[in-house]
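Each chain, letter by letter, is given below.
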Amino acid sequence: MIRDNKELMAEIGRVAEVAGYLWTKGWAERNGGNISVNVTHLMTDEEKALPALAARVQLPAEMDALKGHVFFVTGTGKRMRYVAQNPFENGSLIRISPDGLFYEIIAEKPTQPTSELPSHLSMHNYVRSTGRDNRVVLHTHPTDLIGLTHGPKFLNSEYLTRTLWAMIPECRIIVPKGIGIVRYEIPGTMDLARATIKQLEKHDVVFWEKHGILAVGEDLIECFDTIDTLSKSAQIYFSARMAGFEPEGMTDEQLDGLVDAFNL
Ligand code: 13P
Ligand code: ZN
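Residues numbered from 1 in each chain as written. Chains lettered and ligands numbered in written order. Predicted model: local features only at pLDDT ≥ 70, side-chain atom pairs only at ≥ 80, totals over all residues. Heavy atoms only, no water.

Student: Would you take a moment to explain the site of ligand 1 for this structure?
Tutor: Every residue near ligand 1 is listed here: Asn31, Gly32, Gly33, Asn34, Thr76, Gly77, Thr114, Ser115, Glu116, His139, His141 and His211. The separation between an oxygen atom of ligand 1 and a polar side-chain atom of Asn34 is 2.8 Å. Within the contact set of ligand 1, an oxygen atom lies 2.7 Å away from a side-chain nitrogen or oxygen of Thr114. In isolation ligand 1 exposes 310 Å². Once the protein is present, 93% of that is buried. Taken atom by atom, the bulk of ligand 1 overlaps the second largest pocket. Split into classes, the residues belonging to the shell around ligand 1 amount to no nonpolar, 11 polar and one charged. (Near = heavy atom within 4 Å. Polar contact = N/O pair within 3.5 Å; in protein donor to acceptor, adjacent residues only side chain to side chain. Areas by Shrake-Rupley, 256 points an atom, 1.4 Å probe, with all protein chains shown as cover. 1 Å grid on protein atoms, 1.4 Å probe; cavity = no way out; pocket = protein on both sides within 12 Å on 5 of 7 lines; lining within 4 Å. Sits in = over half its atoms within 2 Å of the grid points. Nonpolar A, V, L, I, M, F, W, Y, C, P; charged D, E, K, R; others polar.)

Student: Would you mind showing me how to read the layout of surface pockets here?
Tutor: If you roll a probe as big as a water molecule over the atoms, it shows you where there is empty space left. In this structure, the largest pocket encloses a volume near 290 Å³. As for the largest pocket, its lining consists of 16 residues, and the residues nearest its centre are Asp204, Val216, Gly217, Glu222 and Thr226. Those elements that place two or more of their residues in the lining of the largest pocket are strand 9 (212-217) and helix 9 (220-242). Looking at the lining of the largest pocket residue by residue, the class counts come to seven nonpolar, three polar and six charged. Quantified by volume, the second largest pocket comes out at close to 170 Å³. (Points joined across faces, edges and corners; volume = space filled by probe spheres on them. Helix = DSSP H or I, 4+ residues; strand = E, 2+ residues; numbered from the N terminus.)

Student: Honestly, the environment of Ile35 in this entry has me stumped. Any pointers?
Tutor: Among the secondary structure elements, Ile35 is positioned in strand 1 (residues 34-38). By relative accessible area, Ile35 is classed as buried at 0%. Distance from Ile35 to Pro118, taken between C-alpha atoms, is 13 Å for residues 83 residues apart in sequence. (Buried < 20%, exposed > 50% of the residue type's maximum accessible area, 1.4 Å probe, protein only.)

Student: What is the right way to look at a negative patch on the surface in this model?
Tutor: Side chains of Glu218, Asp219, Glu222 and Asp225 sit close together on the surface and give a patch of like negative charge. Overall, Asp225 belongs to the partly exposed group, its relative accessible area being 31%. (Patch = residues over 30% accessible without salt bridge, like charges linked within 9 Å, V, L, I, M, F, W, Y side chains within 5 Å. Salt bridge = Lys/Arg side-chain N within 4 Å of Asp/Glu carboxyl O. Lys, Arg positive; Asp, Glu negative; His and termini not counted. Charge placed at Lys NZ, Arg CZ, Asp CG, Glu CD.)

Student: For this particular structure, what's the right way to read the sheet that holds strand 9?
Tutor: Strand-to-strand pairing in sheets goes through backbone hydrogen bonds, with the strands running parallel or antiparallel. The mixed open sheet is built from nine strands, whose spatial order is 2-5-4-3-1-6-9-8-7. In this open sheet, the two strands that pair with only one neighbour each are strand 2 (57-58) and strand 7 (179-182). Two strands pair when backbone bridges link them, and strand 2 and strand 5 (residues 102-107) are joined in this way by two bridges, in the antiparallel orientation. Bridge pairing in strand 5 places Val57 opposite Tyr103. (Pairing = 2+ DSSP bridges.)

Student: What am I meant to see in the pairing of strand 6 (residues 136-140) here?
Tutor: Most of strand 6 is tucked away, with five of its five residues classed as buried. Burial along strand 6 is two-sided: the face carrying Val136, Leu138 and Thr140 and the face carrying Val137 and His139 are both buried. Here four bridges tie strand 1 to strand 6, and the two strands are oriented antiparallel to one another. Looking at the pairing, Ser36 lines up with Val137 of strand 6. In terms of strand pairing, strand 6 meets strand 9 through five bridges, oriented antiparallel. What sits directly across from Val136, in strand 9, is Gly217.

Written out as structure tokens, the structure reads:
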């Protein structure tokens, strides 16, 4: 029945498409990375009321802004290269309970959601509570961007943002709010979730020190493109360094010129 819903299947098809990009980019070693997409608006009332396939699971806090919402989430331990081939074998649809305190898996198989689910849902809940129609949390492990977080000077949001913006005009245009930084926390923990939410007050992209990148937004392809653009900037930076010189970067004037030209 779920598979008869063309719009829902198209959205899950986009999850598969992006999972394929993450793998071919080299950002998704083994089970690295995870994706959650809010699909509530694509489901009929009947589909939203599907019976649970496994016992309900308590959430770390009340998800006030997500009551009754449905998400497609990649499974824990699942490989992006296989999500690309078969999203329903490597992910599941979950429904938040009407009181916002539990989730249950409703389709298509009882595949256990990503270990970062508490983080993802807390972020969906936070961004939605600010009035934005946020639908996506995308977490991945781009080699070049993680590499930057091993350099202490890049663990400064302003410096990191300025460095990447200055490599190519598109970077400031596509990531106008710059980059937030979260110092190292154990993956999958609420400490990581809380620190990330703090950064989401100002940014849509957050670097997790020595671990990975996370982007929120309304559209999964846009979230992927945001991270891809940052990765391009990092590659330009590293290419120059590998050629033996510090890249000059765009000047302040050149960067400021983009603000009016592109209504940033
Ligand atoms: P999962 O396989 O549980 O999604 O974990 C992957 C990951 O990248 C954790 O940060
Ligand atoms: Zn990770």
